[in-house]
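Below, each chain spelled out in residue letters.
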Amino acid sequence: MEHKEVNSWLVFKRLLGYVKEFKLGLVAAIIAMIGYAVVDTAFIYSIKPLMDKGLTGQSPEILTFMPIFVILIIAARGVVAFVSSYCMSWVGTHVVMKLQRELFSHLIALPISFFDKTNTGDLLSKITYDANQVTSASTKALIKIFRDGATIIALVGLMFIQSWQLSLVFFLVAPIVGIAISVVSKRFRKISKNLQDAMGSVTTASEQMLKGHKEVLMFGGQKVENEKFNQVSNSVRSQNMKMASAQAISTPVVQTLASFALAFILFLATKPSIINDLTPGTFIVIISSMMALMKPLKVITEVVGDIQRGIAASVSLFKVLDTTSALDSGTKVIKRAKGDIELKNIVFTYPTTEKPALNNISFKVKAGETFALVGRSGSGKSTIANLLTRFYDIDSGVITIDGVNIQEYTLASLRDQVAIVSQSVHLFNDTIANNIAYASDGKFTREDIIKVSETANAMEFIKQFPNGLDTVIGENGALLSGGQRQRLAIARALLRDAPILILDEATSALDSESERHIQAALDILQKDRTSIVIAHRLSTIEHADQILVIDDGSVVERGTHAELIEKKAIYHSLSKIQASGEL
Ligand code: ATP
Ligand code: MG
């Protein structure tokens, strides 16, 4: 219990850090809110002279002044209300933006292993829902604390000045109200957390359906997906309902408690000892103050719910922000590596699994050589490619490029040395030209892009689009065929012109005609750089300087094509099976 309080306090302090640079707006808003309370109280107080002096005919000039006073005071109330809303929103929208930007840039830097473990839907809901939740809840809480809190203080003060005996009753009720609030608050905190989780599952379920829409239709998964969504949407609804009912119950309970005070005062007021001291104006002011206290009292009980909501959302955001980014502790920067690669006794286990995906892998590729990796599906070939760019960090062993441990390079510098054409190409919803030159910041000319497109055999299909290179290809390249996507990926890698090239099944989606064309281009390309080629079709790697056969994460054979055929072992039988298949 104690521990939790400390936690909330820490979260709150951290949240304050986000508001710091907007504190001027916050201070202005708070002053305006306090002004609001003062104006409201002044309005109630004005009843007293109206009743006791104006209406009794003692000073009739008050009656003439009253209409002007009403207009002035309502106008003043409008001004402070506007200033407080405006300043609060200004601070709030800035804080949301700051949180969202920070989350976004933090997510970009997180290691791949984080995304292996986390639902995209959950992350989307954190950026869109939670970040808003933090500020909308804290904004509401601040308004309630300062505007309604100040109103309560001002009204109670006014009551005391008028008659402290009657006002004391108010304090009899205050502790009871306090206990009610603390009971309610625990419930709010729990519901908020559940609500947030439920929101995450709605986005996850929707996203899964939207992304896998074709599969859903193909396999007749409409029913399953519908049921899944019905379930998660119902859990959001029921959490919202719980929140609403908790709020709905807390309000009448507090108000009923307060009505006891009111009733008690009405009762006391009939006592001669008290009533003799009271003017009608004082009495009306006290009763009006009590009535006016109802709303802020009700509202202030919701503060706890708001704060809990804000804290729950902040905790969920801070958890992501506290996930350590990929370790980028290297300091070495290289412009262009020569391309010597060495892996020494690499053992690697994916963070989400128990069994190592790679077991004591060692090999050496000299600059300019072509190195081939073959092996059954799931044997660990793509995993090796993932490790070279430090998408994951290894358990033990050393990977060096040009004799330097890759952990000593800055991540940007290391990744600059490597161009990958991977099995799963992601294309952005942008033009073909921008996809090929992705993130190169105008480093390349139009001619460069055309040249690599031609080399990658992509220009022929690009030309068929009316807008050519400027065609927008839809989300993840929806307008393109598998082979066309692959050719764009090859063009992209060609353009980067990195000293190390990794081709992971780069030509698997191409017909043999296109493959021959591209192979010729790739052969030229591989001449002056180190390449690691992963291919199922052994015919494409016959000319590799070295071939490594891996199985179940371990090296089982190595040598050149001729040597391995000579050996008449695994590679030999693989190639025999393929040859008979192709006949
Ligand atoms: P293919 O020829 O089918 O592309 P591959 O040799 O490239 O196969 P890898 O992708 O390297 O195989 O996978 C090696 C092993 O690691 C597999 O058993 C796979 O299940 C596992 N694996 C791959 N990616 C991940 C991941 N992100 N998280 C956990 N395990 C993974
Ligand atoms: Mg693979």
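What you see is a predicted model, and the numbers here were worked out from it, not measured in a lab.

The rules we used
Numbering of residues starts from 1 in each chain and follows the order in which that chain's sequence is written. Throughout, the order in which chains and ligands are written sets their labels, letters from A for the former and numbers from 1 for the latter. Where totals are concerned, whole chains, interfaces and linings use all residues; where local detail is concerned, this predicted model gives features only for residues with pLDDT of at least 70, and gives and counts side-chain atom pairs only at 80 or more. Here the side-chain values reflect all heavy atoms present in the structure, with hydrogen atoms and water set aside. Secondary structure elements follow DSSP: runs of H or I of four or more residues count as helices, runs of E of two or more count as strands, with numbering from the N terminus. Here, residues are in contact when the closest pair of their heavy atoms is within 4.5 Å. Values of accessible area rely on a 1.4 Å probe in the Shrake-Rupley scheme; residue burial ignores everything except the protein chains shown. With water omitted from the atoms examined, metal sites may look incomplete; donors here are N, O and S atoms no farther than 2.8 Å from the metal, or 3.2 Å in the case of Na, K and Ca. Partly exposed residues are those whose accessible area sits between 20% and 50% of the maximum for their type, while under 20% is buried and over 50% is exposed, using a 1.4 Å probe and protein chains only. When DSSP finds two or more bridges between two strands, those strands count as paired. Angles shown run from 0 to 180 degrees and are taken between the N-to-C directions of axes, each axis being a line fitted to C-alpha atoms and, for helices, limited to the stretch in contact. Here a salt bridge means any side-chain nitrogen of Lys or Arg lying within 4 Å of a carboxyl oxygen belonging to Asp or Glu. We define the nonpolar core as a collection of buried residues of types Ala, Val, Leu, Ile, Met, Phe, Trp, Tyr and Cys that are connected through side-chain atoms lying within 4.5 Å of one another. UniProt positions are given in the numbering used here, feature names are shortened, and annotations may be inferred rather than shown by experiment. Note on terminology: near, applied to a residue and a molecule or strand, indicates that one of the residue's heavy atoms is within 4 Å of it. We call two N or O atoms a polar contact when they sit within 3.5 Å, provided that within protein one can donate a hydrogen and the other can accept it, with sequence-adjacent residues counted only if both atoms are side-chain atoms. Here the nonpolar group is Ala, Val, Leu, Ile, Met, Phe, Trp, Tyr, Cys and Pro; Asp, Glu, Lys and Arg are the charged ones; every other residue, Gly included, is treated as polar.

Structural notes on the overall build of the protein chain
In step 1: In terms of helices and strands, the protein chain carries 20 helices and 10 strands.
In step 2: Along the first, second and third principal axes, the C-alpha set of the protein chain runs to 120 × 50 × 50 Å.
In step 3: For the protein chain, long-range pairs separated by at least 24 residues make up 77% of all intrachain contacts whose partners lie at least 6 apart in sequence.
In step 4: Total accessible area computed for the protein chain in this model is approximately 30500 Å², and 62% of it derives from carbon and sulfur atoms.

Quick notes on the coordination of the magnesium ion (ligand 2)
In step 1: At 1.9 to 2.3 Å from the magnesium ion (ligand 2) lie its protein donor atoms, namely S382 (OG) and Q423 (OE1). Taken together, the residues S382 in helix α12 (residues 381-388) and Q423 in the loop between β6 (418-421) and α14 (432-436) connect sequence positions 41 residues apart.
In step 2: A relative accessible area of 24% places S382 in the partly exposed class.
In step 3: Given a relative accessible area of 49%, Q423 falls into the partly exposed group.

Structural notes on the sheet that holds strand β1 (residues 341-348)
Picture the strands of a sheet paired through backbone hydrogen bonds; they go either parallel or antiparallel.
In step 1: The strand order β2-β1-β4-β5 describes an open sheet built from 4 strands, whose pairing is antiparallel. On the outer flanks of this sheet lie β2 (358-365) and β5 (404-405), each paired with one strand and no other.
In step 2: Pairing of strand β4 (residues 396-401) with β5, which is carried by 2 bridges, proceeds in the antiparallel orientation. Considered in β5, the bridge of I401 is made with V404.
In step 3: Of the strands in this sheet, β1, β2 and β4 are in contact with α12, which crosses β1 at around 115°.

Some remarks on the pattern of salt bridges
In step 1: Evaluation of the coordinates by the stated rule reveals 21 salt bridges.
In step 2: With a closest N to O distance of 3.0 Å, E207 and K211 form a salt bridge. Placement of both E207 and K211 in helix α7 (residues 164-211) is noted, with a separation of 4 residues, approximately one turn of the helix.
In step 3: When its relative accessible area of 12% is taken as the criterion, E207 is described as buried.
In step 4: Residue classification places K211 among the exposed positions, given a relative accessible area of 64%.
In step 5: One salt bridge in this structure joins E227 and K223, with 3.9 Å as the shortest N-O distance. Here E227 pairs with K223, and both are found in helix α9 (residues 222-269), just 4 residues apart, close to one helical turn.
In step 6: We classify E227 as partly exposed; its relative accessible area is 47%.
In step 7: Here the salt bridges do not stand alone but share partners, grouping K144, D306 and R309 into one network.

Notes on the sheet that holds strand β9 (residues 546-551)
In step 1: With mixed pairing, the 6 strands of this open sheet are ordered in space as β6-β7-β8-β3-β9-β10. Two strands in the sheet have a free side with no partner beyond their single neighbour: β6 and β10 (554-559). Strand-to-strand twist in this sheet, taken as the mean axis angle between neighbours without regard to direction, amounts to 15°.
In step 2: Pairing of β9 with β10 involves 5 bridges; the strand directions are antiparallel. Within the sheet, the bridge partner assigned to I550 lies in β10 and is V555.

Looking at the nonpolar core
In step 1: Counting 45 residues, the largest nonpolar core has I436, L488, I541 and I547 as the members making the most contacts within it.
In step 2: Among the elements that make up this core, the one with the highest residue count is helix α17 (residues 482-496) (7 residues).
In step 3: In this structure, I541 is in contact with A372, V374, V533, A535, I547 and Y571, ignoring residues within four places of it in sequence.

Describing the UniProt feature "transmembrane region" (unreviewed entry) in the protein chain
In step 1: Following the UniProt record, the feature "transmembrane region" (unreviewed entry) maps to residues 24-45, 65-91, 145-162, 168-185 and 248-268 here.
In step 2: A helix fraction of 100% and a strand fraction of 0% characterise residues 24-45, whose end C-alpha atoms lie 31 Å from each other.
In step 3: In this annotation, residues 65-91 is assigned 100% helix and 0% strand; the end-to-end C-alpha distance for the span is 39 Å.

Digging into the site of ligand 1
In step 1: Within the structure, ligand 1 sits among 16 residues, and S377, K381, S382, T383 and Q423 are positioned closest to it.
In step 2: One of the side-chain N or O atoms of D116 is found 3.2 Å from a nitrogen atom in ligand 1.
In step 3: Note that an oxygen atom of ligand 1 is positioned 3.2 Å from one of the side-chain N or O atoms of H536.
In step 4: For ligand 1, the protein covers 68% of the area, taking 640 Å² as the surface of the free molecule.
In step 5: Element by element, the count of residues in the shell around ligand 1 is highest for α12, at 3 residues.
In step 6: Across the shell around ligand 1, the residue classes break down as 3 nonpolar, 10 polar and 3 charged.

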